[in-house]
Every structure is written in structure tokens, then in C-alpha cells.
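Chain by chain, the residues:
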Amino acid sequence: VVAMIKELLEARIRPAVQEDGGDIRYVGFAPDTGIVSVQLAGSCVGCPSSSVTLKNGVENMLMHYIPEVTGVEAIEEEEEEGEGGEVVV
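Residues numbered from 1 in each chain as written. Predicted model: local features only at pLDDT ≥ 70, side-chain atom pairs only at ≥ 80, totals over all residues. Heavy atoms only, no water.

Observations concerning the overall build of the protein
The line we're drawing: Secondary structure elements follow DSSP: runs of H or I no shorter than four residues count as helices, runs of E no shorter than two count as strands, and numbering proceeds from the N terminus. For each residue, the accessible area found with a 1.4 Å probe, counting protein chains only, is set against the maximum for its type, and the residue is called buried under 20%, exposed over 50%, and partly exposed in between. In this analysis, two residues are considered to be in contact whenever any of their non-hydrogen atoms come within 4.5 Å of each other.
If you tally the helices and strands in the protein, you get 2 helices and 3 strands. Along the chain direction, N to C, the helices and strands of the protein fall in the order α-β-β-α-β. Taking all 89 residues of the protein together, 30% fall into the buried category. Put simply, 47% of the contacts in the protein that link residues at least 6 apart link residues at least 24 apart.

Re the confidence of the model for the protein
Do not read the fine detail of predicted coordinates wherever pLDDT is low. Counted only if it meets this: Confidence scores here are pLDDT values: one per residue, from the predictor, ranging 0 to 100.
Looking at the protein as a whole, the pLDDT averages 84, with 85% of positions reaching at least 70. Taken together, the stretch residues 79–89 has pLDDT below 50 and engages in 12 contacts with residues farther than four places along the chain or on a different chain.

Structural notes on helix 2 (residues 50–65)
Given 3.6 residues per turn, any residue in an α-helix points the same way as the ones three and four places further on. Heads up, the rule is: One less than the residue count of a helix, multiplied by 1.5 Å, gives the span that helix is expected to have. What is called the bend at a residue is the angle between a pair of axes, fitted to the seven residues leading up to and ending at it and to the seven starting from it.
Its 16 residues give helix 2 an end-to-end C-alpha distance of 21 Å, which sits within 8% of 22 Å, the value for a rise of 1.5 Å per residue. Of all the bends in helix 2, the greatest measures close to 30 degrees and is centred on E59. Along helix 2, the residues classified as buried are S50, L54, V58, E59 and L62. On its buried side, helix 2 packs onto helix 1 (2–19), strand 1 (22–30), strand 2 (35–42) and strand 3 (71–74).

Regarding the sheet that holds strand 3
Basically, it comes down to this: Should DSSP find at least two bridges between two strands, the strands are taken to pair. Note on geometry: axes are C-alpha line fits, over the in-contact stretch for helices, and angles between N-to-C directions span 0 to 180 degrees.
Strand order in the open sheet made by the 3 strands is 1-2-3, with mixed pairing throughout. The strands lining the two open edges of the sheet, one partner per strand, are strand 1 and strand 3. Pairwise comparison of adjacent strand axes, ignoring direction, gives a mean angle of 30 degrees for this sheet. Relative to strand 2, strand 1 runs antiparallel, the two sharing 8 bridges. By the bridge assignment for strand 2, I24 is matched with L40. Across the face of the sheet, helix 1 comes into contact with strand 1 and strand 2 while running at roughly 165 degrees to strand 1. Its contacts with the sheet put helix 2 on strand 1, strand 2 and strand 3, and the angle it makes with strand 3 is roughly 145 degrees.

Quick notes on the pairing of strand 2
Burial analysis of strand 2 places 6 of its 8 residues in the buried class, which makes it a mostly covered element. Summarising the sheet, strand 2 and strand 3 pair through 4 bridges and their orientation is parallel. Residue pairing in the sheet places I35 in a bridge with G71 of strand 3.

Structure representation (C-alpha cells):
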């Protein structure tokens, strides 16, 4: 499942996001919940359209091709939590 997620992100999703000056990276997949975690970068960070792109584009495509995926969540670099709950910058 992880290999299929990474393949879709690299082959179909990432090039489209990069055309708009942004980037998207695979962070993880939780098989128990079906949630894929991705990190947005470049012009995607802070862009109001990025949440729409994430839900309508990335989530729909992954859920369509990979039945195990139930959703996608974005993790922003500035807000990643490290061990013990401290914020990692």
C-alpha cells in the first residue's frame, strides 16, 4: 500500500503541485485508520487553496486508486510535534 501511495504521489500528484510552485512529500500511512500524512512545501505553505487541493485532488485520487486509503492530512513543517509534544521547527 505504501509503495502504491508513493508511486501515485511521485508520478501524478507531485508534478501538478510543482507546476504551481509548491511541493508535496509523503510522511506516513496509518493502516489502522487509512490516513495518509503528507507535508506541503514551497508556495503550498500558507496558501488558502492548498486545503482544497489536498481534499479534492490528492485525497480523491489516492482513495480512488487505493481502497485502503480513507483520507489525507497535511502536516506543516512549522507545526510538527517532536517527542514529548514540543514543537519542532
